[in-house]
Amino acid sequence: MQPVAYRLESAWQPDGSPNGCFTFTLFNLSEAPLSNFRLVYTSLTRVIGKDACKNATFLRRNANFHEFAPPEGLTLQPGERWTFTVGYLHRQARHCTDGAKSAYVTLSDGRHVPVAVSDLLVEGKISEPPPARLPAGRLDLPFALLPWPEVIDALPGEGLPVVLYPAEGTRPEDIRAVSAVLALFHRLFPARHAPFSLMPSGQGRRIVFAENGDLAPEGYGLQFSSGEIRLEYASSAGRQYGLTTLAQLLHGARADPSRFSFPVSGSISDRPRYGWRGCHLDVSRQFYPTAEVMRLIDILAWFKLNIFHWHLTDDEAWRLEIKAYPTLSTLGVLRGPDEPLLPQLGNGAEPVGGFYSQDEVKAIVAHAAGLHVEVVPEVDIPGHSTAALVALPELADGQEAPESYHSVQGYPNNALNPAAPFTYEFLEKVFDEMAELFPSRYIHIGGDEVADGSWLASPMARRLMEEQGLSGTFALQSYFLKKVKQMLMARGRMLVGWNEVAHGGGVGTEGTLLMAWENPKVGIELARAGYDVVMTPGQAYYLDMAQAEAWQEPGASWAGTATPEHTYAYEAEGEFPEELKSRMKGVQACIWSEHFLSRGYFNHLVFPRLPAIAEAAWTPKVKKDWSRFAAIAPLSPTL
Ligand code: ACM
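Residues numbered from 1 in each chain as written. Predicted model: local features only at pLDDT ≥ 70, side-chain atom pairs only at ≥ 80, totals over all residues. Heavy atoms only, no water.

Side note on the overall build of the protein chain
Then, number 1: Check the secondary structure of the protein chain and you find 14 helices and 27 strands.
Then, number 2: For the protein chain, the C-alpha radius of gyration of 26 Å lies close to 26 Å, the compact-globule estimate for 639 residues.
Then, number 3: If you line up the protein chain on its principal axes, its C-alpha atoms span 85 × 65 × 45 Å.
Then, number 4: Looking at the protein chain as a whole, 60% of its 639 residues are labelled buried.
Then, number 5: Entry remark: accessible area of the protein chain is about 24,100 Å², with carbon and sulfur atoms responsible for 52%. (Helix = DSSP H or I, 4+ residues; strand = E, 2+ residues; numbered from the N terminus. Rg over C-alpha atoms; globule rule 2.2 N^0.38 Å. Buried < 20%, exposed > 50% of the residue type's maximum accessible area, 1.4 Å probe, protein only. Areas by Shrake-Rupley, 256 points an atom, 1.4 Å probe, with all protein chains shown as cover.)

What to know about the sheet that holds strand E15 (residues 220-224)
Then, number 1: Taken together, 6 strands build an open sheet; the order of strands is E12-E17-E15-E16-E14-E13 and the sheet is mixed. Each edge of the sheet is formed by a strand with only one pairing partner; in this case those strands are strand E12 (151-156) and strand E13 (164-166). On average, each strand axis in the sheet is inclined to that of its neighbour by 20°, with strand direction left out of account.
Then, number 2: In terms of strand pairing, E13 meets strand E14 (residues 205-211) through 3 bridges, oriented parallel. (Pairing = 2+ DSSP bridges. Axes fitted to C-alpha atoms, helices over the stretch in contact; angles between N-to-C directions.)

Topic: the packing of helix H3 (residues 290-302) against helix H4 (residues 358-369)
Then, number 1: In the contact formed by H3 and H4, the axes pass within 10 Å of each other and the chain directions differ by 15°. On the basis of their axis angle, the class for H3 and H4 is roughly parallel. Here the hand of the crossing between H3 and H4 comes out right-handed. Contacts from Thr290, Val293, Met294, Ile297 and Asp298 of H3 reach H4 at Glu360, Ala363, Ile364, His367 and Ala368. (Parallel < 35°, antiparallel > 145°, perpendicular 65-115°, else oblique. Left-handed = near helix turned anticlockwise from the far one by under 90°. Contact = heavy atoms within 4.5 Å.)

A look at the pairing of strand E1 (residues 6-13)
Then, number 1: By the bridge criterion, 8 bridges tie E1 to strand E2 (residues 21-28) in an arrangement that is antiparallel. Following the sheet pairing, Leu8 is matched in E2 by Leu26.
Then, number 2: The pairing of E1 with strand E11 (residues 112-122) spans 5 bridges and is parallel. Looking at the pairing, Trp12 lines up with Val122 of E11.

So, the packing of aromatic side chains
The geometry of two aromatic rings is summed up by the distance between their centres and the angle between their planes.
Then, number 1: A full pass over the atoms with the stated rule returns 35 aromatic pairs.
Then, number 2: Pairing Phe185 with Phe189 gives two aromatic rings, centres 5.2 Å apart and planes at 40°, and the pair type is tilted. Grouping residues by exposure puts Phe185 and Phe189 together as buried.
Then, number 3: Look at Tyr541 and Tyr570: their rings are 5.3 Å apart centre to centre, the planes differ by 90°, and that puts the pair in the edge-to-face class. One end of the pair, Tyr541, is in helix H10 (residues 538-541); the other, Tyr570, is in the loop between helix H11 (564-569) and strand E27 (584-591), with 29 residues separating them in the sequence. (Phe/Tyr/Trp six-rings, centres within 6.5 Å; stacked < 30°, edge-to-face > 60°.)

Quick notes on the side chain of Lys304
Then, number 1: Within the element layout of this structure, Lys304 appears in the loop between H3 and strand E19 (307-311).
Then, number 2: Although buried, Lys304 forms no salt bridge, and the nearest oppositely charged side chain, Asp270, lies 4.5 Å from it. (Lys, Arg positive; Asp, Glu negative; His and termini not counted. Salt bridge = Lys/Arg side-chain N within 4 Å of Asp/Glu carboxyl O.)

Some details on the sheet that holds strand E9 (residues 81-86)
Then, number 1: Taken together, 9 strands build an open sheet; the order of strands is E5-E9-E2-E1-E11-E10-E4-E7-E6 and the sheet is mixed. Two strands close off the open sheet at either side, each with one partner strand: strand E5 (53-54) and strand E6 (57-62).
Then, number 2: Taken together, the 4 bridges between strand E10 (residues 102-106) and E11 define a ladder with antiparallel strand orientation. Each bridged residue has a counterpart across the sheet, and for Val105 the counterpart in E11 is Val113.

With respect to helix H2 (residues 236-255)
Then, number 1: In this model, H2 (20 residues) spans 28 Å end to end at C-alpha, consistent with the 28 Å of a helix rising 1.5 Å per residue.
Then, number 2: Of all the 20 residues making up H2, 17 are buried; the element is thus mostly covered by neighbouring parts of the structure. (Expected span 1.5 Å × (residues − 1).)

Observations concerning the confidence of the model for the protein chain
Then, number 1: Here the protein chain shows a mean pLDDT of 97. Residues at 70 or above account for 100%.
Then, number 2: Averaged pLDDT values for the elements of the protein chain fall to 94 in E5 and rise to 99 in E19. (pLDDT = per-residue confidence, 0-100.)

Observations concerning the environment of His309
Then, number 1: Tracing the backbone shows His309 in strand E19.
Then, number 2: Here His309 falls in the buried class, since its relative accessible area comes to 0%.
Then, number 3: Sequence separation between His309 and His280 is 29 residues, and the spatial gap between their C-alpha atoms is 4.3 Å.
Then, number 4: The residues touching His309, leaving out its near neighbours within four places in the chain, are Cys279, His280, Leu281, Val376, Glu378, His444, Trp498, Met515 and Gln588.

So, H3
Then, number 1: Over its 13 residues, H3 extends 18 Å from the first C-alpha to the last, a length consistent with the 18 Å expected when each residue adds 1.5 Å.
Then, number 2: Within H3, 11 of the 13 residues are buried, leaving the element largely enclosed by the surrounding structure.
Then, number 3: Of all the positions in H3, only Thr290, Glu292, Val293, Met294, Leu296, Ile297, Asp298, Ile299, Leu300, Ala301 and Trp302 are classed as buried.
Then, number 4: Directly beyond the C-terminal end of H3, a positive phi value near 65° is found at Lys304.

Thoughts on the pattern of salt bridges
Any two side chains of opposite charge can pair, so long as their charged atoms come close to each other.
Then, number 1: Within this structure, the stated rule accounts for 30 salt bridges.
Then, number 2: The closest approach of N and O atoms between Asp282 and Arg285, which form a salt bridge, is 3.0 Å. For the pair formed by Asp282 and Arg285, the shared burial category is buried.
Then, number 3: A salt bridge links Lys624 to Glu571; its shortest N-O distance comes to 2.9 Å.

So, unusual backbone geometry
Then, number 1: Look at the link from Ile381 to Pro382: it is a cis peptide, with omega at -10°.
Then, number 2: Note on placement: Pro382 falls in the loop between strand E22 (374-381) and helix H5 (386-391).
Then, number 3: With a phi angle near 50°, Leu345 is a residue other than glycine that sits in the positive phi range.
Then, number 4: With respect to the secondary-structure elements, Leu345 resides in the loop between strand E21 (317-318) and H4.
Then, number 5: With phi around 50°, Glu403 is a residue other than glycine that occupies positive phi space.
Then, number 6: Structurally, Glu403 can be placed in the loop between H5 and helix H6 (421-437).

Focus on the state of the cysteines
Then, number 1: Evaluated as defined, the whole model comprises 0 disulfides.
Then, number 2: Free of any disulfide, Cys21 has its nearest cysteine sulfur in Cys53, 11 Å distant. (Disulfide = S-S within 2.5 Å.)

Re the environment of Ala388
Then, number 1: Mapped onto the secondary structure, Ala388 falls in helix H5.
Then, number 2: Accessibility expressed as a relative area gives 2% for Ala388, which makes it buried.
Then, number 3: With 237 residues separating them along the chain, Ala388 and Asp625 place their C-alpha atoms 45 Å apart.
Then, number 4: Ignoring any residue separated from it by four or fewer positions in sequence, one finds Ala388 in contact with Trp318, Leu328, Leu395 and Phe426.

So this is what it looks like as structure tokens:
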């Protein structure tokens, strides 16, 4: 490891302006003088004014990429530092992760040299450490089940069976199911004792399997006695959930015998509250290699979640190999100082890329299917499309004024143009390949955050709007999304989208599923308009939101603070009028990865809130219990 040559320290302070200012100090820790250079950092707290700097010149910005020049002639000798301040921020900083996420210097010969960065400090305000995220918790029944079952009436036994094994005469498909959950357990807890054995053991307990068509499709029943366990199920998913319950019971009893036991008698009768029990992962802002995606899917299966919503494209990268358009996974993924896509969100001097080949996608989909997890792929259109537009510049209207609109994340002209014939040719081919790769009934097409004003400076779009009698960005968006819906229907798929799909006239409610993310109210409004909805409001279910107000708690804050207790207690169905409840198909966690620069941040922010949402997705409201959850959640596997 090379010693750090340069380090950028940053602090934010209120200064009487609306959003305060940053103070940056670059330390030259190298043995050589530094002169004739420019400094780049990436920060989600953007600078939006030209004359924003003291003791530096603000050269350019693209989304969260910022470039500065030091004062003319500045030389930093070894050990010296340069301090400059930056104002005109687009919002206040609230957490230690709101400063520079990465930095580098560009030398006069064009070389880019890494600069280490530190957490953002706050001046002129208290920088308090965060409170504990979970209390010690309390258990009425000593069983380590998460999500908690619908009905449990069981007594704890003294001691534990060494393993559970399929009874003599068990059918091969039931034995295979045991093997699959055993393999899942081994992947999640490689150093822990196996809960199952395919062979009988004198110190173990046998499982007798029985199909029971009267149970709910994903439901199961367990009856415990000292001699055997009877597992009833109606479907292979129910069987997997029953076996997962057994694995959780045994795992908890072994991991913390002072708190948890294995049942010796009684029963569990269980089924999920919702059919859509989802978790989303944004792989565009940060790339997650195939093994990590598979491990996340393992974790979903462990918590009986059944939908993996894979956010494959965004402004920052297009991660899905499309054979018809190879530049999507070359130009469309590589972010670097000299690439068409500039460094963002923690990228530094070295270019970074990453995409999923179609073989990797097939392997991930097969892995998920083996665990009863459905992979719902998302390509986020028409907005959030910078990467696609960089990879395929012919998608743009060449006559459109540059920087004629900006997305909320600060990207200029980032929406596919509904008036360009190539847009539809492109999407037909993308959907053809996606339909081959993804067996899901659903394809998610995004539809969120198209900036008001998009396309209005595109002569092509203007002509189309005139011809079609469309007025404004959102009428044009609706025109576009209706065509997209037809493309999906022609391939036998249903359109899923974010709540803004309903804007400007929407796409028709029949065969459309929308995700309410902006706030809980929009979910109810969508249901009232006739859409099926999945509830994923940022205020409770966005796992990138900070978990406490404290400065030192990492994460975002635009949707507020989502403490684990709030995420757990939130009732998505809460305000739905009785007659609209059937439109609410389930709930979903969203893992947006702008802030997730390391596995450490990922695990800190995702847990324990992901299992909290899993319990909200499965367990009836009357059976939710924060104290019990707090006692069991520390057993969660992490990425
Ligand atoms: C979203 O958070 N823009 C769906």
